Amino acid sequence: MSIESRADSCTVHIDGVAAIVTPQMSVAAALLQAGVMRTRSSVSGETRFAFCGIGMCQECRVEIDGVPHRLACQVRCRDGMSIATGEPQSRDA
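Note that the coordinates shown come from a computational prediction; the quantities given were computed from them, not determined experimentally.

Would you explain the pattern of salt bridges in this entry?
Once the charged atoms of two side chains with opposite charge are near each other, the side chains can pair. Enumeration according to the criterion identifies four salt bridges in this entry. As a salt-bridge pair, Arg-48 and Glu-46 come within 3.7 Å of each other at their nearest N and O atoms. The closest approach of N and O atoms between Asp-65 and Arg-78, which form a salt bridge, is 2.1 Å. You can see Asp-65 sitting in the loop between β5 (61-64) and β6 (67-71) and its partner Arg-78 sitting in the loop between β6 and β7 (82-84), a full 13 residues away along the chain.

Rendered as structure tokens:
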């Protein structure tokens, strides 16, 4: 599949890597679909990911379009969105 968006898809950038997702899917679902099982690191450096899926646990915090601490399970994807998990940008796509 090409990186160009279609009417039934949109392109988001996860840690600088383009990913084609369904418009309006949650950012947490887009991360999962892209194989990115990390939303942040704990204070001790442990990898974290969405746990409850309803915004209560706060484990799914990511930076979206430059705004930190957004809840990936509560935000819907839109074309051109930039999502940063703190993962190094050299990740293979």
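Once the structure has been displayed, the description carries forward.
Could you clarify how one ought to interpret the confidence of the model for the protein chain in this entry?
Any residue range with low pLDDT should be treated as having predicted coordinates unsuitable for detailed reading. Per-residue confidence for the protein chain gives a mean pLDDT of 88, with 85% of residues at or over 70. Ranking the elements of the protein chain by mean pLDDT puts strand β3 (residues 40-41) last with 89 and β7 first with 98.

Explanation requested: the side chain of Glu-59 in the structure shown.
Looking at where Glu-59 falls in the secondary structure, it is placed in the loop between β4 (47-48) and β5. Residues in contact with Glu-59, not counting those within four places in the same chain, are Thr-39, Arg-40, Arg-48, Phe-49, Ala-50 and Phe-51.

What's the story with the nonpolar core in this structure? I'm lost.
General note: in soluble globular proteins, nonpolar side chains tend to be found buried as a group. By size, the foremost hydrophobic cluster in this structure holds 22 residues, and its most contacted members are Val-12, Val-27, Leu-31, Cys-77 and Ile-83. Mapped by element, the contributors of at least two residues to this core are β1 (10-14), β2 (17-21), α1 (27-33) and β5. The biggest single contributor to this core is α1, with four residues. Leu-31 has contacts with Ile-14, Val-36, Arg-38, Thr-39, Phe-49, Val-62, Ala-72, Ile-83 and Thr-85, leaving out every residue within four places of it along the chain.

What counts and what doesn't
Residues numbered from 1 in each chain as written. Predicted model: local features only at pLDDT ≥ 70, side-chain atom pairs only at ≥ 80, totals over all residues. Heavy atoms only, no water. Salt bridge = Lys/Arg side-chain N within 4 Å of Asp/Glu carboxyl O. Helix = DSSP H or I, 4+ residues; strand = E, 2+ residues; numbered from the N terminus. pLDDT = per-residue confidence, 0-100. Contact = heavy atoms within 4.5 Å. Core = buried A, V, L, I, M, F, W, Y, C linked by side-chain atoms within 4.5 Å. Buried < 20%, exposed > 50% of the residue type's maximum accessible area, 1.4 Å probe, protein only.

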